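Observations on the three-dimensional arrangement
Read off the chains here:
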Amino acid sequence: MIPSIKRIAALLHARNLEFLRDRSTMGWNLILPVLLVFGLAFMFSGEAKPLFKVAVVTDQPIEKPLNKTLHPLLSTEHIEFYRVLDPEPIIQKVGRHQIDMLLDLRPQHERYWINSTSANGYMVERLLLANNQPVLIKQKAEGQQIRYVDWVVPGILGMNVMFSCLFGVGYVIVRYRKSGYLKRLNATPLTASEFLVAQILSRLILVVVITSAVFLGTHLSMHFVMLGSYWNLLLVLIAGTFSLIALGLIVAARVQSEEVAGGLLNFLTWPMMLVSGVWFSLEGANPWIQSLANLSPLTHMLSAARAVMLDGAGLADISNHLLILIGMGLVFVAI
């Protein structure tokens, strides 16, 4: 049959009217881009990115008026200084080139750590020695350099898991409702609980299998740093996937329109992708941004995965992240 322009035009007109008359859909399509623009502008605007990152152990808050009183180096421009309370976990990050230098400015502790193989560490040390009053004792932080790909691969896979879970469950169930598929299921002996369990298990198995295959395939060619147990990493993947699937079910629970579901899912995924540490570390970020990030299941999933891969963390070390992920998932399912 030859396509009819008249029929195509009529269908196009009807679809446009359907969209324009759906006020909730119109609202999401107008509000979401505005929120994203303002959010991105807030996240990435401001001063230029610092050239170096230095952690400082001190009993005093790091503020501009106090920088010179703590140490002359802290008045240097284009270096990001942030305060830490415990130097021990930071020494390992210096050894792995994640941080350029660690300064311990507490009384009776005047020391600094750098990795002698780090180019950034060398440059910061030269700046320190030019202003080394009072004198700080040099300490070496040895360790294997972490490539960006080693750090970012959990973020990329986690982002893919997030999209697969939220859209694969939330969007699809809304389509089931809109097409009348859920009504037809009411005529069968299947209960709502059985339907939910089947949905969770189906998506969980698919996501875990596909993500594991992608990780192992890329690991063979890229040789990621993997200091911990693969079984612990698998537990993190399962717990994180369950929590994200359950979050997708919240969107699917009441929404009637696929367009609104898409807007809600984008409203959830984009903030998580920005503040959960997918592409860049939140080390030294504003405390309220870090607190906001901890509300996201993706943050705990990525933190636990990186702890296993890069720090060799055991099950006890990541148990808090696993418990939070499982707890979030159960709360989402209950909602």
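Notes on the structure follow. This structure is a prediction, so every number in the text was calculated from the model and none was measured. Each chain carries its own residue numbering, running from 1 in the direction its sequence is written. pLDDT decides what is reported in this predicted model: residues at 70 or higher carry local features, side-chain atom pairs at 80 or more are listed and counted, and totals for whole chains, interfaces and linings draw on all residues regardless. No hydrogens and no water enter the side-chain calculation; it runs on all heavy atoms of the structure.

**Re the nonpolar core**
Nonpolar cores were defined as sets of buried Ala, Val, Leu, Ile, Met, Phe, Trp, Tyr and Cys residues, with membership established by side-chain atoms within 4.5 Å. Each residue's exposure class comes from its accessible area (1.4 Å probe, protein chains only) as a fraction of the maximum for that residue type: buried when under 20%, exposed when over 50%, partly exposed otherwise. Counting 57 residues, the largest nonpolar core has Met 162, Met 301, Met 309 and Ile 318 as its most contacted members. For this core, the secondary structure elements donating two or more residues are α6 (148-179), α7 (181-185), α8 (192-222), α9 (230-254), α10 (258-275), α12 (297-311) and α13 (319-334). Apart from residues lying up to four places away in sequence, Met 301 is in contact with Gly 158, Val 161, Val 236, Leu 237, Gly 240, Leu 244 and Leu 325. Core analysis: the next-biggest nonpolar cluster, separate from the first, contains 16 residues, Leu 70, Ile 79, Met 101 and Val 124 among them. A helix here means a DSSP run of H or I that spans at least four residues, while a strand means a run of E at least two residues long, and both kinds are numbered starting from the N terminus. We call two residues in contact whenever any of their non-hydrogen atoms come within 4.5 Å of each other.

**Regarding a nonpolar patch on the surface**
Patches here are clusters of residues that have more than 30% relative accessible area and form no salt bridge, with a 9 Å joining cutoff for like charges and a 5 Å cutoff for nonpolar side chains (Val, Leu, Ile, Met, Phe, Trp, Tyr). All accessible-area figures derive from a Shrake-Rupley calculation using a 1.4 Å probe, and residue coverage is judged against the displayed protein chains alone. Salt-bridge detection follows one rule: a side-chain nitrogen of Lys or Arg within 4 Å of a carboxyl oxygen of Asp or Glu. Where nonpolar side chains cluster on the molecular surface, the patch consists of Val 197, Leu 201, Ile 205 and Val 209 and spans about 370 Å² of accessible area. Position of Val 209 relative to the elements: it lies in helix α8. On the accessibility criterion, Val 209 (51% relative accessible area) is exposed.

**Side note on the environment of Arg 203**
Its place among the elements puts Arg 203 in helix α8. Accessibility expressed as a relative area gives 22% for Arg 203, which makes it partly exposed. Each C-alpha atom, one on Arg 203 and one on Phe 242, is 8.9 Å from the other, the two residues being 39 residues apart in sequence. When residues no more than four places from it in sequence are discounted, the contact partners of Arg 203 are Ser 164, Cys 165, Gly 168, Val 169 and Ile 245.

**A closer look at the packing of α9 against α12**
Fitted lines through C-alpha atoms serve as axes, helices being fitted only where they are in contact, and the angles separating the N-to-C directions of these axes extend from 0 to 180 degrees. Where α9 meets α12, the closest approach of the two axes is 9 Å, and the angle between their N-to-C directions is 175°. In terms of their interaxial angle, α9 and α12 are classed as roughly antiparallel. Contact residues: Asn 232, Leu 233, Val 236, Leu 237, Gly 240, Ser 243 and Leu 244 in α9; Pro 297, Met 301, Ala 304, Ala 305, Val 308 and Met 309 in α12. Gly counts as polar in this scheme, as do all residues outside two lists: the nonpolar Ala, Val, Leu, Ile, Met, Phe, Trp, Tyr, Cys and Pro, and the charged Asp, Glu, Lys and Arg. Residues that form the contact of α9 with α12 fall into these classes: 10 nonpolar, 3 polar and no charged. Working rule for angles: under 35 degrees goes down as roughly parallel, over 145 as roughly antiparallel, 65 to 115 as roughly perpendicular, anything else as oblique.

**Describing the packing of aromatic side chains**
Ring pairs (aromatic) are described by centroid distance and by the angle formed between their planes. When the centres of two rings from Phe, Tyr and Trp lie within 6.5 Å, Trp using its six-membered ring, the rings pair. Their planes under 30 degrees apart give stacked, over 60 give edge-to-face, and anything left gives tilted. A full pass over the atoms with the stated rule returns 2 aromatic pairs. For the ring pair Phe 163 and Phe 167, a centre distance of 6.0 Å and an interplane angle of 25° mean the geometry is stacked. Here Phe 167 and Phe 163 lie together in helix α6, a separation of 4 residues that amounts to about one turn. Taking relative accessible area as the criterion, Phe 163 reaches 27% and is therefore assigned partly exposed. The class of Phe 167 is partly exposed, set by a relative accessible area of 25%.

**As for the pattern of salt bridges**
Evaluated as defined, the whole model comprises 1 salt bridge. Salt-bridge contacts for Arg 111 lead to Asp 104; the nearest nitrogen and oxygen are separated by 3.4 Å.

**Topic: the packing of α12 against α13**
Interaxial distance between α12 and α13 falls to 9 Å at its minimum, and their mutual angle equals 155°. It follows from the interaxial angle that α12 and α13 lie roughly antiparallel. For the crossing formed where α12 meets α13, the hand is left-handed. Facing α12, whose interface residues are Pro 297, His 300, Met 301, Ser 303 and Ala 304, α13 presents His 321, Ile 324, Leu 325, Met 328 and Phe 332. Per-class residue counts for the contact of α12 with α13 are 7 nonpolar, 3 polar and no charged. Note: crossing handedness is left-handed where the near helix turns anticlockwise from the far helix by less than a right angle, and right-handed where it turns clockwise.

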